[in-house]
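Listed below are the residues making up each chain.
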Number of protein chains: 2
Amino acid sequence: MSSKSPLAPDHFPALHDIEGVTLRIARAQYKQWDRCDLTFAQLCEGTSVAGVTTSNICCSSEVEMTRDNLKKGTARALIVNAGNSNAFTGFRGREAVQLIIDKMTAHLGCDADEVYVSSTGVIGVPLPKDKANAGIDKVIIAAPCSWEEAAATIATTDTFPKGARASAVVGGKTVNLSAIIKGSGMIAPDMATMLGYIFTDAAVKPAFLQQLLSAATRKSFNCITVDSDTSTSDTVLAFATGKAGNAPLAGFDDAGADAFAAALDDVCLQLAHLVVRDGEGASKFIEIAVTGAVSDESAHRVGMAVANSPLVKTAIAGEDANWGRIVMAVGKAGEPADRDKLAIRFADKWVAQAGLAVDSYDEAPVAAHLKGSDISIGVDLGLGDGRATVWTCDLTHGYISINADYRS
Amino acid sequence: MSSKSPLAPDHFPALHDIEGVTLRIARAQYKQWDRCDLTFAQLCEGTSVAGVTTSNICCSSEVEMTRDNLKKGTARALIVNAGNSNAFTGFRGREAVQLIIDKMTAHLGCDADEVYVSSTGVIGVPLPKDKANAGIDKVIIAAPCSWEEAAATIATTDTFPKGARASAVVGGKTVNLSAIIKGSGMIAPDMATMLGYIFTDAAVKPAFLQQLLSAATRKSFNCITVDSDTSTSDTVLAFATGKAGNAPLAGFDDAGADAFAAALDDVCLQLAHLVVRDGEGASKFIEIAVTGAVSDESAHRVGMAVANSPLVKTAIAGEDANWGRIVMAVGKAGEPADRDKLAIRFADKWVAQAGLAVDSYDEAPVAAHLKGSDISIGVDLGLGDGRATVWTCDLTHGYISINADYRS
């Protein structure tokens, strides 16, 4: 991994072991690099699965197969290839994925639609079948590895491995969630984004797990952006092994369902924030809280317009309290807004209200806030009760450096 | 002006004098700079006017007043302030504009709604009334100036003055069009963008001039983007003095109307391309031609999704034939597309067809094309007859440098 993001946490968190999940990694050498790039999570029989995938129309074969698999609702294996996304590779790409699935079904004695495959990396180059074949042979006999090793193996341009955990008490049983994610650029989720995997020993029926994951995604992955670009491969999957022994959750009427939903929300938000903290070239983590919109959806779109504005993001990079650019971004969002009711704040300091700068505006505390690494922006539209919070990073020379020569 | 864009034309074009138009410039010192920043175009009685303005909801008072003025359809004066956009300044900003209008109506003996005012620069700082007052006093007694001097005076972060010309024969009379424009960043027009002014000696009724300008805008200003950010002040105005002596044009049935419309289209496209060639930090001029879409509107939205993708723009900056990022951008556009019918080309070389790389793909000629300064990308969706062409520039370290410390 290249030099670590200045926004990275101090260390990888101590994740819970999840009974029913075994992780293994190997070197398939999808790229010329000195690291593992193939991850295999073996899942016990009876594991429920739910997932959300990219809204990008040009999605990969892996994403299409994942969507098909989710109809069944159970999973036995997850394979993640790093270094090649296998997207836009047509029949050649599908052949490589089929080969992996065939080998895994033979190894585990499971059905083809219980094997989940994800790939991440360059678009348009077919995943090499020979490397996938040799890689699978190696990974199934590899010794089990740690969460941190698996998190590092699914990464590409990430500068640090990302993990999150949570717990909940469900029907008198403590259930644990452990999760890993990769993502740094091409981050602008619509239905979902990036490669993220959440494992829990809770017993949860697939349909309810899907309902909870979709709800959590709306408040986490769908509220972040690094560069407004939506990946062709993005996938978030949740696996529930049921080994905690709680009575299986099937709806919000079940004891502990609320606690489990809160834990899942918590893990998803942690993962989403970690991706922003590793945004390509990021030097600032930016929260944008929008209030007073005509609806929550409208507030979300206004927030994303601010979060995706190159002029806002470069101003923050320059630690410049140029709040006029926030006004501009709100105005271009295409959502109901009234210039003369609009108010803008940095941290808890209102800089503009009712259509112009506040009379007593003192830039000193705002400038001090902008020198920090965590920036808080508030936008109040003064129209209704709609609200949303979104997160992004600044736009720096680092983003240009990383992406002007990523493939070469 | 800072160092000239590598994409700038060799020299400012020799624009026609337009009878009925007199240009003057002065120093209002809206910023601490050693240059003129106030432009005054005096227009003869009977001048028709048409205009298009920003779709940004947080528009400036100048834009609101311009929209109101256009109902009248005649103009006697244009004032352009550079260095301060006066946007989001509430009643304080409106007072400064009213002062300018009052002084001009007294000077020219015209109506208030025949005076057009535009301002460009930082958002959120009221235009200082004392400076505007002194500036107007100076500019009305200044000696007439050239088109190039006026083009330089309306500029802000532009690196070169921008002008365009065209001619047409209308009812046996030769009519001329001369036009200037400023714009470099915060460029993502919806209804129109930037500050652009077109002057012609043709006689054209206001309603028809408006119809023609709106049509030209759809094919020019609305087809360019530098950074996806839509300005709060953007305005394009066309003034027709009628001094060429042709029978006034009122519709396409009039002799010469087609020729005049073509000349206006030509000038608008020239102006739009000049703005892209001066895009902040630009090192490449990029044309994206979309064909095979379900409609022209859909093709336009796909083209703009590619043109606004930071990952596509940084790849071009790096001269990297990473066409997978174009696939990604097409797929995220939210428009009808079929991955397995999609084809992508650079210049005349198809690199991907029917959902994967072409069998004979040779990167050498594509790499050579990408080393040039004018890049041509083609996207064929294979679905219908819809087509559109849009233009943008690459995303470089220069954009970050300019915008991370613009205001400070």
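Residues numbered from 1 in each chain as written. Chains lettered and ligands numbered in written order. Predicted model: local features only at pLDDT ≥ 70, side-chain atom pairs only at ≥ 80, totals over all residues. Heavy atoms only, no water.

## Observations concerning the environment of Gly324(A)
All names here are of chain A.
Part 1 of the argument: Within the secondary structure, glycine 324 sits in helix H9 (residues 324-331).
Part 2 of the argument: The buried category is assigned to glycine 324, whose relative accessible area is 1%.
Part 3 of the argument: For glycine 324 and serine 228, which are 96 residues apart along the polypeptide, the C-alpha to C-alpha distance reads 21 Å. (Helix = DSSP H or I, 4+ residues; strand = E, 2+ residues; numbered from the N terminus. Buried < 20%, exposed > 50% of the residue type's maximum accessible area, 1.4 Å probe, protein only.)

## Section: the sheet that holds strand S10 (residues 235-240) of chain A
Residues and elements named next belong to chain A.
Part 1 of the argument: Pairing is mixed in the open sheet, where five strands are placed in the order S3-S10-S8-S7-S6. Both outer strands of the open sheet, strand S3 (48-53) and strand S6 (162-170), are each paired with one neighbouring strand and no more. The mean inter-strand angle of the sheet, taken between neighbouring strand axes irrespective of direction, is 15°.
Part 2 of the argument: Pairing geometry for strand S8 (residues 195-200) and S10, over six bridges, is parallel. (Pairing = 2+ DSSP bridges. Axes fitted to C-alpha atoms, helices over the stretch in contact; angles between N-to-C directions.)

## A word on the domain arrangement of chain A
Residue and element names in this part refer to chain A.
Part 1 of the argument: When the domains of chain A are assigned, the result is domain 1 (21-277) and domain 2 (285-404).
Part 2 of the argument: Contact residues are listed per partner, giving 12 residues for domain 1 and 13 residues for domain 2.
Part 3 of the argument: Together domain 1 and domain 2 conceal approximately 1200 Å² of surface at their shared face, both sides included; 61% is due to carbon and sulfur atoms.
Part 4 of the argument: Taken together, domain 1 and domain 2 are joined by one salt bridge.
Part 5 of the argument: A salt bridge links arginine 277 to aspartate 374; the nearest nitrogen and oxygen atoms lie 2.7 Å apart.
Part 6 of the argument: Where domain 1 touches domain 2, the interface holds two residue pairs in polar contact (both at pLDDT 80 or more).
Part 7 of the argument: At the level of secondary structure, the elements contributing two or more residues to the side of domain 1 that touches domain 2 comprise strand S9 (224-225) and helix H6 (257-277).
Part 8 of the argument: Sort the elements by how many residues they give to the side of domain 1 that touches domain 2 and H6 lands first, with four residues.
Part 9 of the argument: Tallied by class, residues from the side of domain 1 that touches domain 2 come to five nonpolar, four polar and three charged. (Domains from an automatic or database assignment. Contact = heavy atoms within 4.5 Å. Buried area = accessible area lost by both parts, 1.4 Å probe. Salt bridge = Lys/Arg side-chain N within 4 Å of Asp/Glu carboxyl O. Polar contact = N/O pair within 3.5 Å; in protein donor to acceptor, adjacent residues only side chain to side chain. Nonpolar A, V, L, I, M, F, W, Y, C, P; charged D, E, K, R; others polar.)

## Here's the deal with the environment of Thr89(A)
Part 1 of the argument: Positionally, Thr89(A) belongs in the loop between strand S4 (77-84) and helix H2 (90-108).
Part 2 of the argument: For Thr89(A) and Ser61(A), which are 28 residues apart along the polypeptide, the C-alpha to C-alpha distance reads 8.4 Å.
Part 3 of the argument: What Thr89(A) contacts, discounting residues up to four positions off in sequence, is Gly124(A), Val125(A), Pro126(A), Gly355(B) and Leu356(B).

## Description of the interface of chain B and chain A
Part 1 of the argument: Listed per partner, the contact involves 60 residues of chain B and 61 residues of chain A.
Part 2 of the argument: Approximately 5100 Å² of surface area, both sides summed, lies buried where chain B meets chain A, with 57% of it carried by carbon and sulfur atoms.
Part 3 of the argument: Here chain B is connected to chain A by four salt bridges.
Part 4 of the argument: Residues Arg339(B) and Glu64(A) are paired through a salt bridge, measuring 3.2 Å at the closest nitrogen-oxygen approach.
Part 5 of the argument: On the surface where chain B and chain A come into contact, there are 12 residue pairs in polar contact (both at pLDDT 80 or more).
Part 6 of the argument: When residues of the side of chain B that touches chain A are traced back to their parent elements, those giving at least two are helix H1 (61-69), helix H2 (90-108), helix H8 (310-317), helix H9 (324-331), strand S14 (356-357) and helix H11 (397-404) of chain B.
Part 7 of the argument: Tallying contributions element by element places H11(B) first for the side of chain B that touches chain A, with six residues.
Part 8 of the argument: Class assignment for the residues of the side of chain B that touches chain A results in 24 nonpolar, 22 polar and 14 charged.

## Let's talk about unusual backbone geometry
Part 1 of the argument: Non-glycine residue Gln29(A) carries a positive phi angle of around 60°.
Part 2 of the argument: Examined against the element boundaries, Gln29(A) turns out to sit in the loop between strand S1 (21-26) and strand S2 (38-43).
Part 3 of the argument: For Phe88(B), which is not glycine, the phi torsion reads 55° and is therefore positive.
Part 4 of the argument: Structurally, Phe88(B) is set in the loop between strand S4 (77-84) and H2.

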